[in-house]
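# Architecture at a glance
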Amino acid sequence: MADPESEKQDFRLELAQQVFLYRSTDIAGLDKAQLQEQILQTIFSKGLAPYYEHICGELGWELQQSKLQEMQASNAKQLEDLAAKIKDAEENLGETEVRDALHARATFLGDTGDCEAAAAAYKETEDKTASGASKADMVFAQIRLAILYQDWHCVKRLLLRAKTICEAGGDWEHKNKLKVYEGVAAMYSRDFKRAAELLLDSIATFTTSELFSYTSCVSYAVASSLISLDRVSLKARVVDSPEIRSVIGRVPALEACLNALYDCAYREFFRALLGVIDVIRGDMYTHPHVRYYMREVRLVAYNQFLESYKSVTLDSMATAFDVGLPFLDTEVADFICAGRISAKIDKVAGILETKR
């Protein structure tokens, strides 16, 4: 297998992340002017005419007609050339060459952000394709295009198509790729338990660098595992995983958070958690769930802490977590009322009694 960090991420997903950062209002230190310049530079250099119109409308940017017309003219010329190659293949060459020419057109339309035309072109290509692996690759390409437009309904529909293809005749590599794509969708849909299972299964044989780097895959897997795996599973599948240990140091806050939680070092855990939240807030897939994630990961720590006690004073628990007593009192009470912590609070004595 090639070095998972050496493969290049799909430029459309890099662009989608930049657009997400430009839209964000709760991430400090962003240079919005520089981001806009980078976004437009990618759009103009890649000929993303349809996406240019889309993003200018969404963000209220002034649309430069001269740039749009220049991209449209260039794209039309390249489509003419591709059509000529398709015609030549149909008249003079074999089925394989026809299929390759059709695929080149579909890829071009996808790369220039034309969703409808790309979908039709991929369908035409798929009809002439026998290989399950090749069909899966075409669906994966369409998923990445849908992510650029943040069309998650389309992503889910395409994932069902990819799953059908892989079950019918996909090879091991594409079935593993599908797990990563499904893991991303699960994560975006706040199903962190499923995301953890899918991504952890994919780490040892990761080949999906068109989506994100190997380090990112490990980071997503670990972050998802922190709020979804029990302590024994976390130890076996994450803490002791050689693949995870080899790269988790590239995300220091996540490494510190994982180790502190497992070592029951709750003060250090809460401190490291701030850095993890910054990472989650700055990522387009996890940003929508920042507040949810903060509460869920603290709940995991609270329940783990209480495993060792029949009763404990709120003062000592607040000290262990290095948080204020009023904050802890309110949050733990909320979790108890929601049935997430099996305990009761003796407010007069300042004691938390577990119901184990």
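Conventions used here
- Residues numbered from 1 in each chain as written.
- Predicted model: local features only at pLDDT ≥ 70, side-chain atom pairs only at ≥ 80, totals over all residues.
- Heavy atoms only, no water.
- Helix = DSSP H or I, 4+ residues; strand = E, 2+ residues; numbered from the N terminus.
- Buried < 20%, exposed > 50% of the residue type's maximum accessible area, 1.4 Å probe, protein only.
- Salt bridge = Lys/Arg side-chain N within 4 Å of Asp/Glu carboxyl O.
- Contact = heavy atoms within 4.5 Å.
- Arc of directions from axis to C-beta.
- Pairing = 2+ DSSP bridges.
- Axes fitted to C-alpha atoms, helices over the stretch in contact; angles between N-to-C directions.
- Parallel < 35°, antiparallel > 145°, perpendicular 65-115°, else oblique.
- Nonpolar A, V, L, I, M, F, W, Y, C, P; charged D, E, K, R; others polar.
- Core = buried A, V, L, I, M, F, W, Y, C linked by side-chain atoms within 4.5 Å.
- Polar contact = N/O pair within 3.5 Å; in protein donor to acceptor, adjacent residues only side chain to side chain.

## Some remarks on the environment of Ala168
With respect to the element layout, Ala168 can be found in helix 8 (residues 152-169). With a relative accessible area of 72%, Ala168 lands in the exposed category.

## Some details on the pattern of salt bridges
Counted under the stated rule, the structure contains 25 salt bridges. For Arg99, the salt bridge identified is with Asp100, shortest N-O distance 3.6 Å. Here Asp100 falls in the partly exposed class, since its relative accessible area comes to 41%. The partner of Glu182 in a salt bridge is Arg194, and the shortest N-O contact between them spans 3.9 Å. Taken as a pair, Glu182 in helix 9 (residues 172-188) and Arg194 in helix 10 (residues 192-202) lie far apart in primary sequence, 12 residues in all. Taken together, the shared-partner salt bridges connect Asp10, Arg12, Asp111 and Arg144 into one network.

## A few points about the environment of Leu299
Relative to the elements of secondary structure, Leu299 occurs in helix 16 (residues 290-306). Residue classification places Leu299 among the buried residues on the basis of a relative accessible area of 4%. In this structure, the C-alpha to C-alpha distance between Leu299 and Leu48, residues 251 residues apart in sequence, is 44 Å. In contact with Leu299, not counting residues within four places along its chain, are Phe335, Arg340 and Ile341.

## Looking at helix 3 (residues 49-59)
Turning to helix 3, its buried residues are Ala49, Tyr51, Tyr52, Ile55 and Cys56. Viewed end-on, helix 3 has its buried residues packed into an arc of 150 degrees, placing them on one side of the element. The secondary structure elements touched by the buried residues of helix 3 are helix 1 (11-23), helix 2 (32-46), helix 4 (65-92) and helix 7 (132-148). Gly60, located one to two residues past helix 3, shows a positive phi value of around 75 degrees.

## Let's talk about the pairing of strand 3 (residues 351-354)
Working note: regular strand, side chains alternate between the two faces of the sheet. Alternating positions in strand 3 separate cleanly, Leu352 and Thr354 being buried on one face and Ile351 and Glu353 remaining unburied on the opposite face. Both strand 2 (residues 343-346) and strand 3 contribute to a ladder of 4 bridges, which runs antiparallel. Within strand 3, the position partnered with Ala343 by the bridge is Thr354. From the end of strand 2 to the start of strand 3, which pair antiparallel, there are 4 residues, and Gly350 there has a positive phi angle of about 70 degrees.

## Details of the packing of helix 2 against helix 3
Here helix 2 crosses helix 3 at 155 degrees, and the two axes come no closer than 9 Å. Between helix 2 and helix 3, the angle is such that the two are roughly antiparallel. In this structure, helix 2 contributes Leu40, Ile43 and Phe44 to the contact, and helix 3 contributes Tyr51, Tyr52 and Ile55. Looking at the contact of helix 2 with helix 3, its residues break down into 6 nonpolar, no polar and no charged.

## Regarding the nonpolar core
Tyr285 and Tyr293 are the most contacted members of the largest nonpolar core, which totals 114 residues. Contacts of Tyr293, omitting those with residues within four sequence positions, involve Phe192, Ala223, Leu226, Ile227, Val276, Ile277 and Ile280. Judged by nonpolar contacts, the second largest core, of 5 residues, contains Ile86, Ala89, Val98 and Ala101.

## Here's the deal with the side chain of Thr112
By the secondary structure assignment, Thr112 is in the loop between helix 5 (95-111) and helix 6 (115-127). At 3.0 Å, the side chain of Thr112 forms a polar contact with the backbone oxygen of Phe108. Apart from the residues lying within four places of it in its own chain, the contact partners of Thr112 are Lys46, Gly47, Leu48, Ala49, Pro50 and Asn75.

## Quick look at the environment of Ala195
With respect to the helices, strands and loops of the structure, Ala195 is situated in helix 10. Considering only alpha carbons, one finds Ala195 and Ser225, 30 residues apart in sequence, at a separation of 8.3 Å.

## Some points on the side chain of Thr129
Relative to the helices and strands, Thr129 resides in the loop between helix 6 and helix 7. Of the polar contacts made by the side chain of Thr129, one reaches the side chain of Arg99; its length is 3.1 Å.

Shape descriptors only; they carry no functional weight alone.
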